[in-house]
Structures are given as C-alpha cells and as structure tokens.
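Structure at a glance
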Amino acid sequence: MKSIRTKLKLNNKQKTLFAQHAGYSRWCYNWGLSLWNAAYRDGYKPNTRKLREVFTNHTKPLYPWMKNLSSKVYQYAFINLAEAFKRFFKGLSKHPKFKKKGRSDSFTIDNCGKPIELNGWCHKLPFIGWVKTYEPIEATTQKITISRQAGDWYLSLAFEYTPTFTPKTTNVVGVDLGVKTLATLSDGKVFESVKSYRKFETKLSRLQYLNRNKNIGSANWRKAQLKIARLHRRVANIRKDALHKLTTYLAKNHGSVVIEDLNVSGMLANHKLAKSIADQGFYEFRRQLGYKCQWYGSELVVVDRFFPSSKTCSSCGHVQDMPLNLRTFDCPDCGISIDRDLNASINLRKRVLIGDVSSECKTHSTDAVGSTVNACG
Ligand SMILES: [Zn+2]
C-alpha cells in the first residue's frame, strides 16, 4: 500500500461544506467519547456497533442539520474512536481526548463499499461531488480522508501499489549526510542543502514578535497564527522536496545504497549541530529511503555508527582524528587530500564492497507502508 496526501483546490462553497463535515465528525467523536466514558462508569462495554445504534435511533433525529451531511462521517468517527481506545488499552497511546475545533479538523468518507477512482486533476468524490487537485492523481481506493491544515484542505488516501524495479546504473553507492551539504555520494556527486529554515527565520521571528501583544484567541491573533503556520509549512515542504529528490535518485539508480546509522539524538544534544541536523531532516531521509528502496528494488544498507567513516583514509586505511571544523582529510601516510564528506562516503561504499557488514546490518526497510507527501503550496 502506498499513500498520498495532496492539497485540494476548492471554492468557498466547498470549503464551507468541508468545514461542516469536519464539524460533524468532531461532534460525533466527542458525543461518542462522552457516551463511551459514561457507559464504562456504569459497567457496560461499549463498541462501534452499539454507539451507532444509539446514535441513529435516538440522537440523530434530534439534530435535523445532520441530514444534510454524509452519514459516512459519523460511522468513521466512531471507528476512529474505537481505534483510539484500542491503542489506549494496548498502552500505545493516552486515553482519547475530546477534539477541539480548529485542531486537526478532518473527516473520512467512502463509497458504500464501491471503489473510488481518482484519475487526473478532477475527481468525483462520493457525496462531496467534484473537487480539483493541484497535481494529477491516479489511484483506486476504498476511503478518503479530508483534513485541514493551516487553513488549507488536503485529501489523503491509501492505494495498492506494485513496485517497479528500475535499471541500476551504479551497483553500490555510499552516502554521507553532511552539515555543510545535504549529501555527498561516493561517486563525487554532491547534493547541496537547502537552508530553508534559516532563510525564513527572520520572517518567522518577526511574525512571532508582532504577535506578542495580541490577545490569545482573538481574531487578530488567530490570523497571525495562521500566517505563522503557513510559513512553517512552507519551510517543511521545501525541505521535504529536496529530500524526495535525493532519495528518489538514490533508490532508482543504485543497486545498494549505503548509509550510516546516525546517532541523531546524540547529535541534537550538541546545540551547534542541532539546527543543521533538524534542517536536513535525517529521520525523514532514512524513512523515505527505506520505502523507496522497496519500490524501486534496491537494497538499503545501514552501517553501524561506530564505524569511523570520517576518520579513516579511503585510500590507505590510515585512521586519524577529524574534528568537525576540518573540511579536508589530509592523509600523512599516503599523502591523499580529499573532501571530508567524499572520503566518508567512499568508506561507506567500501565497507559493503569488501563485505564487512554483517547481515543483520543489511536491512530492507522495516516499515512496509510507505507514504509520500506531495508538497504543493
Ligand atoms: Zn591514506
């Protein structure tokens, strides 16, 4: 299964309809939660079916406005509530909380068991009618979720996907993720980093400064919060876009991709490094590379982080200390002078070529469900 999340191009009428549906979903979720809590207190064991029965027979007739909205909404609201309780009982998450307006507004609908076909830029959704997307989609799915983020509406869905094995131009490639550059490949190719956050940092801090005296919750405050959220989203999208380009290139064109298992949490503790690392999104890199290697039929090899990839000479094997400010590896033994990151990536590649990686370090990514977030806007 592959999943998509993409921005919707809506008119005001549609936006209103979506807001009503999201409100309906929240109402049902909260209604279900309070009933669930009360039932538990009285010694009953609630479930989705019982909730639905009480709702349709006793509650729904009291609220005529519900008749104008899709009945799928309450069904999925109860399913989600039951899922939340299941996670809670398994100890995976906290006790379900009441949903608040404006915070993760969303709703889910389906086509009464029939598949929903999406093809091109315009899509006919059950109950909702025609909607447009900013990018073409081709997928067949059972249900769709529509959610609001920073004032915009997004469509997300999951669909079945068969991996396409692409021809590989290079057998093994080592990748060193850097602080100065996004990534350096063992064949010398360099992906420049996008310092997205820093570029927008001044703008962000100015917005936050201007917002300092506004009354929390007031209309002006909300307007400014929306602006800040939009800017944050833009930064995240730019970063994600760069990572998608890099990970797609790596997975499509190489038989094995060798990366280092970075101790990110340890590195984040170092304040100077923290911002660069957060900028580059190492977690996201690893996640994307994991599922894309599956899609395109390549192997992801993760070398343990105690392997001294930066400190070893890629030419003769001499090991020396390499403080972070040293950008070039100068080997006193064989006299080679090579870029620090390139040296590290060549070492990672070599590590696999000489077979010095135990099989448990070789992973075909653990999470089978990949997802793409299509940045637009
Ligand atoms: Zn050397």
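This text follows the structure it describes.
Residues numbered from 1 in each chain as written. Predicted model: local features only at pLDDT ≥ 70, side-chain atom pairs only at ≥ 80, totals over all residues. Heavy atoms only, no water.

Our next topic: the overall build of the protein chain. Scanning the protein chain from N- to C-terminus turns up nine helices and 15 strands. Per-residue burial over the protein chain gives 44% buried out of 377 residues. Within the protein chain, contacts between residues separated by at least 24 positions form 68% of all contacts whose residues are at least 6 apart in sequence. If you sum the accessible surface of the protein chain, you get close to 20800 Å²; carbon and sulfur atoms cover 53% of it. (Helix = DSSP H or I, 4+ residues; strand = E, 2+ residues; numbered from the N terminus. Buried < 20%, exposed > 50% of the residue type's maximum accessible area, 1.4 Å probe, protein only. Contact = heavy atoms within 4.5 Å. Areas by Shrake-Rupley, 256 points an atom, 1.4 Å probe, with all protein chains shown as cover.)

On to the coordination of the zinc ion. Those protein atoms acting as donors to the zinc ion are Cys-313 (SG), Cys-316 (SG), Cys-331 (SG) and Cys-334 (SG), and they sit at 2.2 to 2.4 Å. For the zinc ion, the single-chain donor residues occur in sequence as C-x2-C-x14-C-x2-C. Cys-334 gets classed as partly exposed once you look at its relative accessible area, which sits at 36%. (Donors = N, O, S within 2.8 Å, 3.2 Å for Na, K, Ca; no water.)

What follows covers a positive patch on the surface. A cluster of basic side chains, namely Lys-199, Lys-203, Lys-223, Lys-227 and Arg-234, defines a positive patch on the protein surface. When residues of the positive patch are traced back to their parent elements, those giving at least two are α4 (196-210) and α5 (219-253). The biggest single contributor to the positive patch is α5, with three residues. (Patch = residues over 30% accessible without salt bridge, like charges linked within 9 Å, V, L, I, M, F, W, Y side chains within 5 Å. Salt bridge = Lys/Arg side-chain N within 4 Å of Asp/Glu carboxyl O. Lys, Arg positive; Asp, Glu negative; His and termini not counted. Charge placed at Lys NZ, Arg CZ, Asp CG, Glu CD.)

Judged by nonpolar contacts, the single largest core of 38 residues is most densely connected at Phe-18, Ile-146 and Leu-155. Ignoring any residue separated from it by four or fewer positions in sequence, one finds Ile-146 in contact with Leu-8, Phe-18, Asp-105, Ser-106, Phe-107, Leu-125, Trp-153, Tyr-154 and Leu-155. Core analysis: the next-biggest nonpolar cluster, separate from the first, contains 23 residues, Leu-246, Phe-285, Tyr-296 and Leu-300 among them. (Core = buried A, V, L, I, M, F, W, Y, C linked by side-chain atoms within 4.5 Å.)

In the structure shown here, the tally under the stated rule is 19 aromatic pairs. Pairing Trp-31 with Phe-78 gives two aromatic rings, centres 5.8 Å apart and planes at 40 degrees, and the pair type is tilted. Taken together, the positions of Trp-31 in helix α1 (residues 12-41) and Phe-78 in helix α3 (residues 72-89) put the pair 47 residues apart, joining distant regions of the chain. Like Trp-31, the residue Phe-78 is buried in the burial classification. Ring-pair connections join several aromatic residues into one group, and the members of that group are Tyr-24, Trp-27, Trp-31, Phe-55, Tyr-63, Trp-65, Tyr-74 and Phe-78. (Phe/Tyr/Trp six-rings, centres within 6.5 Å; stacked < 30°, edge-to-face > 60°.)

When you line up the elements, Phe-127 lands in the loop between β3 (116-125) and β4 (129-141). For Phe-127, a relative accessible area of 49% corresponds to the partly exposed category. The spacing of Phe-127 and Ile-109 is 18 residues in sequence and 8.5 Å in space, taken between C-alpha atoms.

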